[in-house]
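This is what each chain is made of:
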Amino acid sequence: MSFDDIIDRHGTHSVKWDMMEQIYGVPADDGIPMWVADMDFRAADCVQNAVQKMRDHGVYGYYGDDTAYRDAICWWMKERHGWTVDPAAIFTTHGLVNGTAMCVDTFTQPGDGVVLTTPVYHAFAKVIKANNRRVIECDLVNDDGRYEMDFDAWDAQMDGSARMFVLCSPHNPGGRVWTRAELEGVADFCRRHDLILVSDEIHHDLVYPGHTHIPMALIDGIADRLVMMSATTKTFNIAGCHSGNVIIPDTALREKFAARMMGLGLSPNSFGLFMAEAAYSPEGAAWVDDLMAYLDGNRRLFDAGVNAIPGLKSTDLEATYLAWVDFGGTGMSREEFTRRVEKDARIAVNHGPTFGSGGDDFLRFNLATPRPLVEQAVERLQKAFADLQ
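Residues numbered from 1 in each chain as written. Predicted model: local features only at pLDDT ≥ 70, side-chain atom pairs only at ≥ 80, totals over all residues. Heavy atoms only, no water.

The name an unreviewed UniProt entry gives the protein chain is cysteine-S-conjugate beta-lyase, with Lutimaribacter pacificus as the organism. Here the protein chain is described in UniProt, under the heading Cofactor (unreviewed entry), as follows: "pyridoxal 5'-phosphate". One UniProt comment on the protein chain, placed under Sequence similarities (unreviewed entry), says "Belongs to the class-II pyridoxal-phosphate-dependent aminotransferase family. MalY/PatB cystathionine beta-lyase subfamily." (UniProt positions renumbered as here; feature names shortened; annotations may be inferred.)

Written out as structure tokens, the structure is:
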């Protein structure tokens, strides 16, 4: 397929495109939506063929015998990530925001603290607070655009009230692929403070050349307190199917989670299962490889154009398609640089403060769109900040 094809998503109930003007005031007719983290590319043919096969059959009844679905997940994790998954450890949730909320509900109590390494994906804090738990922000250290973990500082913050640590791996919005040493440090931290570790690895397939994602499940000594989360949705641009996997190695934790799932009457929709099974295949793997080569080109183009503007710095992404741009060097207020991006450049973006502590000087840009739109966005940004050049 050609990732350069511009597909008109207006009027398709797309949050990203159809809600842009209402939420950001960016005009629908010529605005560029670079906020919601879905891609403007059609899904892989293997996924579309699976949906077409369902359509041709025409009967959409209850899904049964998920052996092939579980086998596909196990094949993908072993083939692409070197991780051997027990099929019995897999739960399917209504996406991974739902998966996070389920973990918070199952493994903590109202009033408990949940650790987030901020700035980090904004939905984590939302579901933690909605469940009447407390967010404990453990700041990442921004070392000249590269985020690092500071376990000594985090240790000093712990007062015994925390019960869970939610790790974003690879990191959104900072784009880090955590090293083995860093992951071992997280495991040690969770053991020291008796925390359940929820590792959201939804971006694990979206890693750039020169970097290798290590599943948290491959770190020694953490299995008894580990919950892994992964999904086809981000990788294959099928977020609308709202399907994610919570994978729990430990039997006791697994039984507790299963009981909560049963108590809430949760079960997956058949479309998500058929699409995931089709995606996790050799055909799907080839599509992802092509996608990453294309996204790498977008990333390089965007970074070169943005970093040429004095005062702006685009984080050097190791993973994800979400550029994290620091406007602190402009000396402008957050309101001023945001106004220039949204009003002058007519680009809708995610605001840094929604990601928690450390996000004030940042905006997040979604680069998973046809390259002509990325080029256009760079040109608009350079024009909007022309007085700095």
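> Now, about the packing of helix 4 (residues 67–81) against helix 12 (residues 282–307): what can you tell me, with residues and values included?
At their nearest, the axes of helix 4 and helix 12 sit 11 Å apart, and the two run at 45 degrees to each other. Considering the angle they form, helix 4 stands oblique to helix 12. As helix 4 packs across helix 12, the resulting crossing turns out to be right-handed. Contact residues: helix 4 offers Trp75, Trp76 and Arg80, while helix 12 offers Pro282, Gly284, Ala285, Val288 and Asp289. For the contact of helix 4 with helix 12, a count of residues per class yields 5 nonpolar, 1 polar and 2 charged. (Axes fitted to C-alpha atoms, helices over the stretch in contact; angles between N-to-C directions. Helix = DSSP H or I, 4+ residues; strand = E, 2+ residues; numbered from the N terminus. Parallel < 35°, antiparallel > 145°, perpendicular 65-115°, else oblique. Left-handed = near helix turned anticlockwise from the far one by under 90°. Contact = heavy atoms within 4.5 Å. Nonpolar A, V, L, I, M, F, W, Y, C, P; charged D, E, K, R; others polar.)

> Quick one: what's the story with the pairing of strand 9 (residues 226–230), residue by residue and with numbers?
The buried fraction of strand 9 is high, at 5 of 5 residues. Of the two faces of strand 9, the one lined by Leu226, Met228 and Ser230 and the one lined by Val227 and Met229 are each fully buried. Alignment of strand 8 (residues 196–200) against strand 9, held across 4 bridges, turns out to be parallel. Its bridge partner being in strand 9, Ser199 is matched across the sheet by Met228. Inspection of the sheet shows strand 9 paired to strand 10 (residues 244–247) by 3 bridges, in the antiparallel sense. Considered in strand 10, the bridge of Met228 is made with Ile247. (Buried < 20%, exposed > 50% of the residue type's maximum accessible area, 1.4 Å probe, protein only. Pairing = 2+ DSSP bridges.)

> A description of the pattern of salt bridges should follow, citing residues and the corresponding values.
Using the criterion set out here, one finds 26 salt bridges in the structure. Between Arg260 and Asp105 there is a salt bridge, with its nearest N and O atoms 2.5 Å apart. Residue Arg260 is located in helix 10 (residues 251–264), and its partner Asp105 is located in helix 5 (residues 96–107); the two are separated by 155 residues in the primary sequence. Given the relative accessible area of 31%, Arg260 is considered partly exposed. The class of Asp105 is partly exposed, set by a relative accessible area of 23%. (Salt bridge = Lys/Arg side-chain N within 4 Å of Asp/Glu carboxyl O.)

> An account of the sheet that holds strand 3 (residues 113–118) is requested, with residue identities and associated values reported.
Pairing is mixed across the open sheet formed by 7 strands, whose spatial order is 2-10-9-8-7-3-4. Each edge of the open sheet is held by one strand with a lone partner, namely strand 2 (90–93) and strand 4 (134–139). The mean angle between the axes of side-by-side strands here comes to 25 degrees, regardless of whether they run parallel or antiparallel. Each of strand 2, strand 9 and strand 10 touches helix 4; the most contacted strand, strand 2, lies at about 105 degrees to it. Where helix 10 meets the sheet, its contacts fall on strand 2, strand 8, strand 9 and strand 10, and the angle it forms with strand 2 comes to roughly 30 degrees.

> Could you give me a rundown of the domain arrangement of the protein chain, with the residues and numbers involved?
Domain boundaries in the protein chain define domain 1 (15–44 + 284–388) and domain 2 (60–281). Look at where the C-alpha atoms of domain 1 and domain 2 centre, and you get two points 26 Å apart. The largest share of the area that domain 1 buries against domain 2 comes from Glu318, Phe355 and Ser357, three residues that together contribute 24% of it. On inspection of domain 1 and its partner domain 2, the count reaches 3 salt bridges. The residue Arg80 makes a salt bridge to Asp289 at a minimum N-O spacing of 2.9 Å. Across the domain 1-domain 2 interface, the total number found is 19 residue pairs in polar contact (both at pLDDT 80 or more). (Domains from an automatic or database assignment. Buried area = accessible area lost by both parts, 1.4 Å probe. Polar contact = N/O pair within 3.5 Å; in protein donor to acceptor, adjacent residues only side chain to side chain.)

> Explain the sheet that holds strand 11 (residues 313–314) to me, using residue names and the numbers behind them.
Ordered in space as 11-12-15-14, the 4 strands form an open sheet in which the pairing is antiparallel. The strands lining the two open edges of the sheet, one partner per strand, are strand 11 and strand 14 (350–351). Here strand 14 pairs with strand 15 (residues 362–366) via 2 bridges, running antiparallel. Following the sheet pairing, Asn350 is matched in strand 15 by Arg364. Helix 13 (residues 334–344) contacts strand 14 and strand 15 of the sheet and is inclined by roughly 20 degrees relative to strand 15.

> Lay out the nonpolar core in plain terms, naming residues and giving numbers.
Counting 69 residues, the largest nonpolar core has Phe165, Leu167, Val186, Leu197, Met216 and Tyr321 as the members making the most contacts within it. For this core, the leading source of residues is helix 12, giving 7 residues. Two domains each put at least three residues into this core: domain 1 (15–44 + 284–388) and domain 2 (60–281). If we ignore the near neighbours within four places in the chain, the residues touching Val186 are Met149, Phe151, Phe165, Leu167, Leu197 and Met216. Among the nonpolar cores identified, the runner-up in size contains 26 residues, and Ala125, Ile196, Val246 and Ile248 belong to it. (Core = buried A, V, L, I, M, F, W, Y, C linked by side-chain atoms within 4.5 Å.)

> Tell me what's going on with the UniProt feature "domain: Aminotransferase class I/classII large" (unreviewed entry) in the protein chain, and back it up with residues and numbers.
As annotated by UniProt and renumbered to match this structure, "domain: Aminotransferase class I/classII large" (unreviewed entry) occupies residues 51–381. Note that residues 51–381 is 42% helix and 18% strand, and that its end C-alpha atoms are spaced 39 Å apart.

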